[in-house]
Amino acid sequence: CKVEALDALEDFNHVALVGGIGSGKTFVGACFLLRELKRCVELNDDSIGLLTASTYGQLRKATLTEVFRQFTEWGISFSYNQQAGMLTIENRKKFLCAGVDKSGVDNLRGVNVGCWWGDEAAYYDGIDVFNTLSGRIRDKRGSMRRLFTTSPAGHNYFYDLFAGELYDPKNYKAIKARTSSNVHLAEGFYDSLKTQMDEKAIAQELHGEWVSRSGTAYYQFNRDTHMVDLSKIRVGKQLIGLDFNVDPFCALVILYRDGIFYVKDEIYLEGGSDTYKMSEELISRGYGDYQIIADSTYTARRTSGKSDKRILEEYGFECLPSRNPYVIDRVQNINRLFLQNRIIIDNKCKKLQRDLEQVIFTDSGQLDQKTRKYLTHISDCLGYVCYKIEPIQSKRGKPVFTSSR
């Protein structure tokens, strides 16, 4: 699959290697960079290339980490200017590196490049972002080739381009790769991942299949199985999941013990609220000594001059470090834990029950927050806690490798 993907670049302008976790996608991306370096040397191609990932954090922690490791093993010299976001290989070929969140895309407007590697491209924010980046590939000194390495993300815009209604067989080629096909993975890696996932997750994350995500998001939840009286459960690691939405402002109170998440209480503040009111509510219910796990954006400063994290700390809460996983990863993790009967919810948590039964995916593979605007928030609280404590194990989010050599 790896060789096939690189060979396909001779005949197709857009090539996607769609594969499971650990199937060698980033390895192929690193080979693509060397392919462009070879062109630079042989044809005096001085164009700049483009390397993107869904966020700058993902770019640094996963994509570039693996690229730097491969180059080190291969004896390829490189340097990375973090401030400029510029990777230079063998002191010749340059690649502009960027995340494709809103600020990253805005910073790329007006840039001219000669080739593009988009990592985890199926997770970019829709066809408009894809088209904006495609418009940057216009330096004719370059190969004008686009390589995409990604796990599939349902029947979204990326599926449309490479297999669906927008598919152009003359210019687009998708090649699939399974996790199990990578003979260099550590023994037991595939089997370990497989035991953590349900059937849909296995098909998408390990087999690289296009899996429809329309329909109920938390399809492994069953109220008869997963909702009981938890009034006698009093011991466990004390955790609070928070979602910083103004209306509703949600929190879940969870005890974690022996690998099981016991959801003891829910707080659902409507009509417009803030972190001060939520802090007071939590303390009034006796949860002042619980640890907070939240959306990682709560560390950002607000118009008041204080971040939500700082406000919580002033009320005496301990805030655990967190990072935002892909939404689909967070949802799959919840389904995995429900399948293993490792999430138990108190009968009184009716708002959470409603979310788990009614939150759906749109046809594009995103959680539906438009037609059901009061949903998703309290189930997000559950997702943050479970992913922090018991995440699906993968190669995403590895420690950052040195940025220069």
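That block above? That's the structure.
Note that this is a predicted model, so its numbers are computed, not measured.

### Digging into the overall build of the protein
Here's step 1: A count of helical and extended segments in the protein gives 14 helices and 17 strands.
Here's step 2: Of all 405 residues assigned to the protein, the portion counted as buried reaches 54%.
Here's step 3: Considering only residue pairs separated by 6 or more positions, the protein has 73% of its internal contacts joining residues 24 or more positions apart.
Here's step 4: In the structure as shown, the protein presents an accessible area of about 17,800 Å², 47% of it carried by carbon and sulfur atoms.

### Section: the pattern of salt bridges
Here's step 1: By the definition in use, this model includes 19 salt bridges.
Here's step 2: The salt bridge partner of K348 is D346, with a shortest N-O separation of 3.6 Å.
Here's step 3: D346 gets classed as buried once you look at its relative accessible area, which sits at 7%.
Here's step 4: Through salt bridges with shared partners, one network takes in K309, R310, E313 and E314.

### Some details on the sheet that holds strand β6 (residues 115–119)
What links the strands of a sheet is backbone hydrogen bonding, and the strands pair in either a parallel or an antiparallel sense.
Here's step 1: Pairing in this open sheet of eight strands is mixed, and the strands run β3-β4-β5-β2-β6-β7-β1-β8 from one edge to the other. Edge positions in the sheet fall to β3 (78–81) and β8 (172–177), since each has one partner strand and no second. Ignoring which end each strand starts from, the neighbouring axes of this sheet average 15 degrees apart.
Here's step 2: Direction of pairing for β6 relative to strand β7 (residues 146–150): parallel, over a ladder of four bridges. Counted as the bridge partner of D119 is T149 from β7.
Here's step 3: Helix α5 (residues 127–134) contacts β1 (14–19), β6, β7 and β8 of the sheet and is inclined by roughly 150 degrees relative to β6.

### Digging into helix α8 (residues 199–206)
Here's step 1: Counting buried positions along α8 gives six out of eight residues, so the element sits mostly inside the fold.
Here's step 2: Within α8 the residues assigned to the buried category are A201, I202, A203, Q204, E205 and L206.
Here's step 3: Directly beyond the C-terminal end of α8, a positive phi value near 70 degrees is found at G208.

### Some remarks on the packing of helix α12 (residues 327–339) against helix α14 (residues 377–389)
Here's step 1: At a closest axis distance of 9 Å, the pairing of α12 and α14 adopts a crossing angle of 80 degrees. One finds that α12 runs roughly perpendicular with respect to α14. Contact residues: D329, R330, N333, I334, L337 and F338 in α12; D380, L382, G383, Y384, C386 and Y387 in α14.
Here's step 2: Partitioning the contact of α12 with α14 into residue classes produces seven nonpolar, two polar and three charged.

### Looking at the nonpolar core
Here's step 1: In this structure, F158, V263, I343, I345 and L382 are the most contacted members of the largest nonpolar core, which totals 62 residues.
Here's step 2: Looking at which element gives the most residues to this core, the answer is α14, with six residues.
Here's step 3: L382 has contacts with L252, I254, V263, I334, F338, I343 and L356, leaving out every residue within four places of it along the chain.
Here's step 4: Within the second largest apolar cluster, 31 residues are counted, among which are L51, F71, I76 and Y80.

### Observations regarding unusual backbone geometry
Here's step 1: If you check the backbone angles, M144 has positive phi at about 65 degrees while not being a glycine.
Here's step 2: Looking at the element boundaries, M144 is found in the loop between α5 and β7.
Here's step 3: Positive phi values are uncommon outside glycine, yet N341 reaches one of about 55 degrees.
Here's step 4: Along the polypeptide, N341 turns up in the loop between α12 and β16 (343–346).

Criteria and thresholds
- Residues numbered from 1 in each chain as written.
- Predicted model: local features only at pLDDT ≥ 70, side-chain atom pairs only at ≥ 80, totals over all residues.
- Heavy atoms only, no water.
- Helix = DSSP H or I, 4+ residues; strand = E, 2+ residues; numbered from the N terminus.
- Buried < 20%, exposed > 50% of the residue type's maximum accessible area, 1.4 Å probe, protein only.
- Contact = heavy atoms within 4.5 Å.
- Areas by Shrake-Rupley, 256 points an atom, 1.4 Å probe, with all protein chains shown as cover.
- Salt bridge = Lys/Arg side-chain N within 4 Å of Asp/Glu carboxyl O.
- Pairing = 2+ DSSP bridges.
- Axes fitted to C-alpha atoms, helices over the stretch in contact; angles between N-to-C directions.
- Parallel < 35°, antiparallel > 145°, perpendicular 65-115°, else oblique.
- Nonpolar A, V, L, I, M, F, W, Y, C, P; charged D, E, K, R; others polar.
- Core = buried A, V, L, I, M, F, W, Y, C linked by side-chain atoms within 4.5 Å.

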